[in-house]
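# Summary of the model geometry
Spelled out, the chains give:
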Amino acid sequence: METGRASRTALATAYARAHHQLSGEPRVFTDPLAARILGMTVDRIGDLDTATLDRPGGNDPRQRVRRYFLAARARFAEEVVAAAVADGTTQVVILGAGLDTFGYRNPYPGLRVFEVDHPDTQEWKREMLAQAGIEIPESLTFVPVDFETGTLAAGLAAAGFDRERSAVFVWLGVVMYLTRAAIEETLRFIVGQGQPVHVVLDYLSGGNTDEERAEVRARAERIAALNEPWLSFFEPEEIENLLRSVGFETVELRSLSGLFEEYLGEPLADLPPGRGRAPLLHAVRGPVGD
């Protein structure tokens, strides 16, 4: 991300969520604020790039798969939050929050939401919220962190986050932009939270065939042109081993094809070969209950 500018990939993700709400396609995730925060309407859908900001046209099958994945991962994360809250968890940390709207739809009395992001992205989001007339609830705290000059630990401490109580960390659309050292450092911070602690994250595979690897390279080049390059790739066994090595006791891998079938009631048509693997996971340390 360029200093002084909001993340373009955060904007792309927000467009995709809004498109999913307005397009009339079978919905797997409902977010009444997704379009509102962008000022997006049905008649504007066709004018906006909805997946990667480099391929206009919402009917491209690859964009459709991308939109469904973004919707499915958001639903899955909020289901994890719901289950944790039912067990007594009172804190949620959204890492790299972008234009995520959970904190403004938060249905759980007593649940505090901490949004961690670059200061420039948060300033942009505040402007978007104000323009859309979306109020910032008392239960939500912005945690501006520039990782070149500060740390997640310091930012959360200053925001009043309680390290001794259980929490859910939602870490979506971020891991691929970090070095492996930074990923491990963040996971070690998360796993050091008072138990139980949950993390929901997604990641990218480098591909297992020549065709898949070529597609990943092409996408990586397009994203790098936005000055937000991908730095890390994992295979399912590799990232599961990393999570267990830092102290997570339970790791649940969720495949794209499995999520689609669960949420849509049938397999998603046009799912490219290799895309059905497990790009999303939920890891836990500690027993249920707070």
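Residue indices begin from 1 for each chain and proceed along its sequence in written order. This being a predicted model, a pLDDT of at least 70 is required before a residue's local features are given, and a value of 80 or more before pairs of side-chain atoms are given or counted; all residues contribute to the totals for chains, interfaces and linings. Only hydrogens and water are set aside; all other atoms, that is, all heavy atoms of the structure, feed into the side-chain values.

On to the overall build of the protein. A run of H or I in DSSP becomes a helix once it reaches four residues, and a run of E becomes a strand once it reaches two; helices and strands are each numbered from the N terminus. Counting secondary structure elements, the protein contains nine helices and seven strands. Sorting the 290 residues of the protein into buried and exposed places 52% on the buried side. Residue contacts are defined here by distance: any two heavy atoms, one from each residue, within 4.5 Å place the two residues in contact. Nonlocal contacts in the protein, meaning residues at least 24 apart in sequence, comprise 73% of its contacts between residues at least 6 apart. Computed by Shrake-Rupley with a 1.4 Å probe, the accessible areas treat only the displayed protein chains as cover when residues are assessed. A total accessible area of about 12,900 Å² is found for the protein, and carbon and sulfur atoms account for 50% of it. Each residue gets one of three labels from its accessible area relative to the maximum for its type: buried under 20%, exposed over 50%, partly exposed in between, using a 1.4 Å probe on protein chains only.

To continue, consider the nonpolar core. Here, nonpolar core means buried Ala, Val, Leu, Ile, Met, Phe, Trp, Tyr and Cys residues that are tied together by side-chain atoms lying within 4.5 Å of each other. The biggest cluster of nonpolar side chains holds 48 residues, and the ones touching the most others in it are L38, V81, V170 and F260. At the level of elements, α1 (8-22), α2 (61-86), β1 (91-95), α3 (102-105), α4 (119-132), β3 (140-144), β4 (167-171) and α9 (256-264) are the ones that each hand at least two residues to this core. A per-element tally of this core places α2 first, with twelve residues. Once residues within four sequence positions are removed from consideration, L38 is found in contact with L11, A14, Y15, A18, R44, L99 and M128. In terms of nonpolar packing, the next biggest core, distinct from the first, is built from 33 residues, V93, F114, I183 and Y203 among them.

This part is about the confidence of the model for the protein. The quantity known as pLDDT measures the predictor's confidence residue by residue, on a range of 0 to 100. Overall, the predicted model of the protein reaches an average pLDDT of 86, with 88% of residues at or above 70. With pLDDT under 50 throughout, residues 49-58 is counted as low confidence; its partners more than four residues away or in other chains account for 28 contacts.

Here the focus is the pattern of salt bridges. Any carboxyl oxygen of Asp or Glu that lies within 4 Å of a side-chain nitrogen of Lys or Arg is treated as forming a salt bridge with it. One pass over the full model with this rule turns up eleven salt bridges. Three or more residues joined by partner-sharing salt bridges are found here, namely D31, E78 and R105.

This part takes up the environment of H198. By the secondary structure assignment, H198 is in strand β5 (residues 197-202). Residues H198 and V251, spaced 53 residues apart in sequence, show a C-alpha to C-alpha distance of 9.9 Å. If near-sequence neighbours (up to four positions away) are discounted, H198 is found in contact with V80, A84, A167, V168, F169, H282, A283 and V284. Within the local environment of H198, its side chain forms a polar contact with the side chain of H282, the two groups lying 2.9 Å apart. Each polar contact in these results corresponds to two N or O atoms within 3.5 Å; when the atoms are within protein, one needs to be able to donate a hydrogen and the other to accept it, and residues that are neighboring in sequence are counted only if both atoms are side-chain atoms.

Helix span, as expected, comes to 1.5 Å for every residue beyond the first. Given a rise of 1.5 Å per residue, twelve residues ought to cover 16 Å, and the 16 Å separating the end C-alpha atoms of helix α6 (residues 180-191) matches this to within 8%. Those residues of α6 lying buried are I183, T186, L187, F189, I190 and V191.

Fitting a line to C-alpha atoms yields each axis, with helices limited to the stretch in contact; the angle taken between N-to-C directions then spans 0 to 180 degrees. Axis separation between α6 and helix α8 (residues 236-246) bottoms out at 9 Å; the angle between their running directions is 45 degrees. Taken together, α6 and α8 sit at an angle that is classed as oblique. The element α6 and its partner α8 pack so that their crossing is right-handed. Contact residues: R180, I183, E184, L187, R188 and V191 in α6; E238, L242, L243 and V246 in α8. For classification, angles of less than 35 degrees are called roughly parallel, those exceeding 145 degrees roughly antiparallel, those between 65 and 115 degrees roughly perpendicular, and all remaining angles oblique. Two helices that cross are described as forming a left-handed crossing if the nearer one is turned anticlockwise from the farther one by less than a right angle, and a right-handed crossing if clockwise.

Here we come to the packing of aromatic side chains. Ring pairs shown here join Phe, Tyr and Trp side chains whose ring centres sit within 6.5 Å, with only the six-membered ring taken for Trp; geometry is labelled stacked below 30 degrees between planes, edge-to-face above 60, and tilted in between. Inspection of every chain in the model, using the stated rule, returns five aromatic pairs. When the ring of Y68 is compared with that of F260, the centres are 6.1 Å apart and the planes differ by 75 degrees; the resulting orientation is edge-to-face. Of this pair, Y68 sits in helix α2 while F260 sits in helix α9, and the two are 192 residues apart along the sequence. Among the residues examined, F260 registers a relative accessible area of 1% and is labelled buried. Ring centres 6.3 Å apart and planes at 85 degrees place the aromatic pair W230 and F233 in the edge-to-face group.

Across the chain, the bulk of peptide bonds are trans and the bulk of non-glycine residues have phi less than zero. The omega torsion across Q195 and P196 is -5 degrees, close enough to zero to call that bond cis. Within the element layout of this structure, P196 appears in the loop between α6 and β5.

Residue pairs three or four apart in sequence face the same way in an α-helix, which turns once every 3.6 residues. With 15 residues, helix α7 (residues 210-224) extends 21 Å from end C-alpha to end C-alpha; this agrees with the ideal 21 Å at 1.5 Å per step. Three or more residues of α7 are buried, namely E212, V216, R219, A220 and I223. Viewed end-on, α7 has its buried residues packed into an arc of 105 degrees, placing them on one side of the element. Turned more than 90 degrees from where α7 packs its buried face, D210, E211, R217 and E221 sit exposed. This arc corresponds to the set of directions leading from the helix axis out to the C-beta atoms.

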